[in-house]
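Chain residues, written in single-letter form:
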Amino acid sequence: MSSPPLLAPTYTAEYRTAAKTALETALSSAPAYSTWRHHDPGASADIFERYRAMPVLAKANLREHQPADFVPEGRDLAAALARDEVELVQTSGSTSDAVTNVWCQEWWDASEASSWKLHAATASARLGDHREAILSSPRCVGFASDVGALNMEQRTLWHYLFLTEKADPAEWSEPFCDRMIEELGRFEPAVLEANPSYLSVLCRHAIKHDRQVYQPAVVTLTYENPSLIHLRHIRSIFHCPVISSYGATESGYVFMQCEAGRLHQNVEQCHVDFQPLAPRHGGPMIGRILVSTFANPWRALVRFDMGDLVRLAAAPCPCGRHEGLTLDAIEGRVANATLSRAGRLVTQSEADSAIARVDGLAAYELVQPGPATVSVRYVSDRREPAAIEPELRLSLQGCYGASVTIIPEHVQALSPVLGVKYRLARAEFKIDIHDFLAGSP
Ligand SMILES: [Zn+2]
C-alpha cells in the first residue's frame, strides 16, 4: 500500500523573516540556547534547514533552566515581575512534573487573536472583549471550591464566566448542571470555551432531560483532545460551529480548526517542525510536532516538543488557507499512546475511533497494563453491559490484535486525573517516542 503524497506547505517571505529573527535572537541572546549555537549551519543556509539542525527542547529542559535563561535580548525579568508586567505561573501537566512559565498576557492575547483568523466564524465575530463562558477544571482556570457553592458573581472575571467551581464532573448533581445551563442563558456568551470531556457531561445531562441550551456564536474545544464520543454529545446540543483549538501554556495557540474541519497553523505566531513516525507506526503522515514561537518577549521557545502526535492533511484544504502546516487531526498525546500486540503504535485517536464505533458508550478510560491486555472502564446510560462488551472486545481486538485480552468494566462515572484532565488512554509501561520516529532502529 503506498502512502498519499505529502502536501508541501507554503510560507511567505514575511514568515521566513519572522522565523529567522526568532531563531537568531534565541541563539544569540537567550542563555538556555548558548550550547545550541554550534549546531547552526549559519545565516547562508535555508532557515528551515537551520531549524531542523537544532536539538529538541523537552519539558525537562524547561525545568533544568531558570525562566530567566529563556528571556531574549537581555531583558530584566526580575524588574518586570516587580512591576507586575508579567507573572510566574506553574503548569501542572497531567503527564509530567510542573513547569514554571513566565506569563505574558499581552503575548497570549495576541496569539489567541491570530488564531481566530483561521475559522470564518471566529474571524467574523469581532472577538476581543466579548462575553466568554468557560467550562473546564477550576484547578486549571477560574475559581475552585469543592465544599460550598460559589455564586455567578464570584466566578466572573473581566468578561469571563467560569461555569463550574467543582473540579470533578462525577460530582455534578442534576440541579448543578441545570444551574450551568441557566447561567449560559443569562450570561449570553459569544464564545463557550470548554474542555470537551467536561462539556460532554453537561450535554449528556441536557440530552437526558431534554433541556434547551443557549447557543453561543461558537464553541471552542481546548485543554484536551476531544473523543468522537464527546463530539457526538456536544454536537447534539450545540448547533453553532464547534471548533478545536490546539496549543499550550508554553507555546500559545498553535493550530485552529477551520470551517472545513482541518487544522491550520497559526503562522503569525509560530513555526512548526514535523517529524514523521516510521511507516509501520503511521508515518509519513503521522508524526510529532516541535513548536518555535516568534513573538513572546519573555521566552524564546525553539523546537519545543509538544508531546503530541498529529496527522498531516493529504490534500489542500477546501477553505483556501494554505500557509504553514495543515492537519487532518491531532492524534493525541504521546503519553496516551498504546501498543498493538505486534508492537505497532496505537494513537489515542485510533483507540478512540475503535471505542466510538460501539454504540451506547458515554465515557471511557482505556489502560494497557502490558502488551497482551487492554482494560476499559466505561460509562453507559443506554445499553446493558451484556450488549456492549462483546462489541467492545471485537472492535478493540481489530485495533490491538486478536490475541489481546480486552477487559471491560462497567462503572457509574469517571473522574479526571488529579481533578484536572481526563486521560482517555494510556499504557502502564514506558513508550519512548524515539523508538517510533522514522529513521529509528
Ligand atoms: Zn481549512
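Residues numbered from 1 in each chain as written. Predicted model: local features only at pLDDT ≥ 70, side-chain atom pairs only at ≥ 80, totals over all residues. Heavy atoms only, no water.

A. Quick look at the domain arrangement of the chain. Partitioning the chain into domains gives domain 1 (13-112 + 249-336), domain 2 (117-243) and domain 3 (338-435). Inter-centroid distance (C-alpha atoms) of domain 2 to domain 3 is 26 Å. Facing 21 residues of domain 2, the contacting portion of domain 3 comprises 21 residues. Interface area, domain 2 with domain 3, both sides summed: about 1500 Å², of which 51% is carbon and sulfur. Across the contact surface, domain 2 and domain 3 share one salt bridge. Between Asp381 and Arg204 there is a salt bridge; the shortest N-O distance is 3.8 Å. The tally of links between domain 2 and domain 3 comes to six residue pairs in polar contact (both at pLDDT 80 or more). Residue assignment for the side of domain 2 that touches domain 3 shows that the elements contributing at least two residues are helix 8 (196-208) and helix 9 (228-237). Per-element tally for the side of domain 2 that touches domain 3: the top contributor is helix 9, with five residues. (Domains from an automatic or database assignment. Contact = heavy atoms within 4.5 Å. Buried area = accessible area lost by both parts, 1.4 Å probe. Salt bridge = Lys/Arg side-chain N within 4 Å of Asp/Glu carboxyl O. Polar contact = N/O pair within 3.5 Å; in protein donor to acceptor, adjacent residues only side chain to side chain. Helix = DSSP H or I, 4+ residues; strand = E, 2+ residues; numbered from the N terminus.)

B. Just the pairing of strand 14 (residues 326-333), in detail. Examined bridge by bridge, strand 10 (residues 263-265) and strand 14 share two bridges and lie antiparallel to one another. Along strand 14, the bridge assignment pairs His264 with Thr326. (Pairing = 2+ DSSP bridges.)

C. Representation of the coordination of the zinc ion in the model. Every protein donor of the zinc ion is listed here as Cys258 (SG), His264 (NE2), Cys317 (SG) and Cys319 (SG), and their distances to the metal cover 2.1 to 2.2 Å. Coordination at the zinc ion comes from four donor atoms whose angles at the metal span 101 to 117°, giving a geometry best classed as tetrahedral. Between consecutive donor residues of the zinc ion, the sequence gaps follow C-x5-H-x52-C-x1-C. Since its relative accessible area comes to 8%, Cys317 is described here as buried. (Donors = N, O, S within 2.8 Å, 3.2 Å for Na, K, Ca; no water. Tetrahedral: all angles 85-135°; square planar, octahedral: opposite > 155°, others 65-115°. Buried < 20%, exposed > 50% of the residue type's maximum accessible area, 1.4 Å probe, protein only.)

D. Quick peek at unusual backbone geometry. Backbone torsion omega between Gly283 and Pro284 reads 5°, so that peptide bond is classified as cis. Locating Pro284 in the fold gives a position in the loop between strand 11 (270-276) and strand 12 (286-293). Phi at Trp158 takes a positive value of approximately 50°, unusual for a residue other than glycine. Judged by its relative accessible area of 63%, Trp158 is exposed. Backbone geometry places Tyr223, a non-glycine residue, at a positive phi of 75°.

E. Fine view of the sheet that holds strand 12. Pairing is mixed in the open sheet, where twelve strands are placed in the order 4-5-3-6-7-8-9-10-14-13-12-11. At either end of the open sheet lies a strand with only one pairing partner, and these are strand 4 (156-157) and strand 11. Where strand 4 and strand 5 (residues 160-162) come together, two bridges link them in antiparallel fashion. Note that in strand 5 the partner of Thr156 across the bridge is Leu161.

F. The nonpolar core, seen in detail. Tyr33, Tyr51, Leu57, Val254, Phe255, Val272 and Met306 are the most contacted members of the largest nonpolar core, which has 40 residues in total. The set of elements that each furnish at least two residues to this core consists of helix 1 (13-29), helix 2 (47-53), strand 8 (242-248), strand 9 (252-257), strand 11, strand 12, strand 13 (304-312) and strand 14. Ranked by the residues each element gives to this core, the list is headed by helix 1, at six residues. (Core = buried A, V, L, I, M, F, W, Y, C linked by side-chain atoms within 4.5 Å.)

G. View of the pattern of salt bridges. Within this structure, the stated rule accounts for 27 salt bridges. For Arg186, the salt bridge identified is with Glu182, shortest N-O distance 3.3 Å. Here the residue Arg186 and the residue Glu182 both occupy positions in helix 7 (residues 174-187), the gap between them amounting to four residues, near one helical turn. Residue Glu182 is classed as partly exposed on the basis of its relative accessible area, which comes to 40%. Within the structure, one salt-bridge network assembled from shared partners comprises Lys20, Glu24, Asp40 and Arg50.

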